[in-house]
Amino acid sequence: MVLEVKRAERTVEVCLDGSLVAEFEATNEAYKVAVKEAGASSDKRLNSPVAKRVKDLEDRARELSAAQRAETVVFRLRALPRLVWDGLVQDHPARPVPKGDEAGPDGYLPFNRHTIPDAALATEGAIVGVTRLEGGAVEPFTHEDWAGFSETLSESQHEDFRIAVIALNVGSNEVPFFPASDKTPSSVKK
């Protein structure tokens, strides 16, 4: 073969400890309330009880954000070869369109959008690697590990993988780049 094709890739992030998200949101809300109280307070000292509460909540939010990052893994996914994808489409046909509806539960997709992502990710080569957001590879994670892992995901987390798999295999493969005449974000003066 004269040309070698490297299929499109995308990443999906998953925080393995969802309780950190809720705790961060609660801390953030408490922080907003404390900031309003500090603004309304007649005591403008930096060491006032209200200012201390704002600072404590700010520090806690930073801790939680760091904890979330430490618990986040990044899946690098790759599009499947066309013939492999076509086989999966045949094995996972779209669900029937209910009478009177224009589109079925899979919209206008020719496959079952709920079952095909798991089948794709359980196929060798679909998962390129899994790393920690803060760096470092996760112990070898392969397509064989996908089924067990995906069962533990929430519907919302799983949807991120569905979107990535479908976009990789049936979406546009336009490669984003800056033409030589355009300024890159780092070259724009502030």
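Quick summary incoming for the structure in this document. (Residues numbered from 1 in each chain as written. Predicted model: local features only at pLDDT ≥ 70, side-chain atom pairs only at ≥ 80, totals over all residues. Heavy atoms only, no water.)

A separate point is the nonpolar core. Counting 27 residues, the largest nonpolar core has Phe75, Leu77, Trp85, Trp146 and Phe161 as its most contacted members. Going through the elements one at a time, β1 (9–15), β2 (72–78), α3 (82–91), α4 (116–121), β3 (127–132), α5 (146–150) and α6 (155–170) are the ones with two or more residues in this core. Each residue touching Trp85, except ones within four places of it in the same chain, is listed here: Leu80, Phe111, Ile116, Ala120, Val165, Asn169 and Val170. (Core = buried A, V, L, I, M, F, W, Y, C linked by side-chain atoms within 4.5 Å. Buried < 20%, exposed > 50% of the residue type's maximum accessible area, 1.4 Å probe, protein only. Helix = DSSP H or I, 4+ residues; strand = E, 2+ residues; numbered from the N terminus. Contact = heavy atoms within 4.5 Å.)

It is worth spelling out the side chain of His158 at this point. Checked against the element boundaries, His158 lands in helix α6. Discounting residues that sit within four places of it in the chain, His158 has contacts with Asp118, Trp146, Ser150 and Leu153.

Turning next to the environment of Ala70. Along the chain, Ala70 turns up in helix α2 (residues 49–70). Ala70 sits in the partly exposed class, given a relative accessible area of 40%. Through-space distance from the C-alpha of Ala70 to that of Glu134 is 6.1 Å; in sequence the pair is 64 residues apart. With sequence-adjacent residues up to four places away left out, Ala70 is seen in contact with Arg132 and Glu134.

A word on the environment of Val138. Tracing the backbone through its elements, the reader meets Val138 in the loop between β3 and α5. Distance from Val138 to Val73, taken between C-alpha atoms, is 8.0 Å for residues 65 residues apart in sequence. Those residues in contact with Val138, other than ones at most four positions away along the chain, are Val73, Val130, Thr131 and Arg132.

Further remarks concern α6. End to end, α6 covers 22 Å across 16 residues, agreeing with the expected 22 Å (1.5 Å per residue, within 8%). Along α6, the residues classified as buried are His158, Phe161, Arg162, Ala164, Val165, Ile166, Ala167, Leu168 and Asn169. (Expected span 1.5 Å × (residues − 1).)

Within the element layout of this structure, Asp106 appears in the loop between α3 and α4. Side chain to side chain, Asp106 and Arg95 meet in a polar contact 2.6 Å long. (Polar contact = N/O pair within 3.5 Å; in protein donor to acceptor, adjacent residues only side chain to side chain.)

Between helix α1 (residues 19–40) and α2, the shortest axis-to-axis distance is 9 Å and the interhelical angle comes to 160°. Judged by the inter-axis angle, α1 sits roughly antiparallel to α2. The two elements α1 and α2 meet at a crossing, and its hand is left-handed. Note on element contacts: α2 touches α1 through Val50, Arg53, Val54, Leu57, Glu58, Arg60, Ala61, Leu64, Ser65, Ala67 and Gln68, opposite Leu20, Val21, Glu23, Phe24, Thr27, Ala30, Tyr31, Ala34, Val35, Glu37 and Ala38. Of the residues that constitute the contact of α1 with α2, the class distribution is 14 nonpolar, 3 polar and 5 charged. (Axes fitted to C-alpha atoms, helices over the stretch in contact; angles between N-to-C directions. Parallel < 35°, antiparallel > 145°, perpendicular 65-115°, else oblique. Left-handed = near helix turned anticlockwise from the far one by under 90°. Nonpolar A, V, L, I, M, F, W, Y, C, P; charged D, E, K, R; others polar.)

All right, on to the pattern of salt bridges then. Here the structure, examined in full by the defined rule, presents 13 salt bridges. A salt bridge links Lys55 to Asp59; its shortest N-O distance comes to 2.8 Å. Here Lys55 pairs with Asp59, and both are found in helix α2, just 4 residues apart, close to one helical turn. When its relative accessible area of 42% is taken as the criterion, Lys55 is described as partly exposed. A relative accessible area of 27% places Asp59 in the partly exposed class. Of the charged contacts, one joins Asp106 and Arg95 as a salt bridge, the two residues approaching to 2.6 Å between their closest N and O atoms. Placement of Asp106 in the loop between α3 and α4 and of Arg95 in the loop between α3 and α4 is noted, with a sequence separation of 11 residues between them. On the basis of relative accessibility, which here comes to 3%, the residue Asp106 falls in the buried class. Arg95 gets classed as partly exposed once you look at its relative accessible area, which sits at 30%. Overlapping salt bridges bring together Lys55, Glu58, Asp59 and Arg62 as one network. (Salt bridge = Lys/Arg side-chain N within 4 Å of Asp/Glu carboxyl O.)

Bear in mind that shape data such as this cannot, by itself, settle questions of function.
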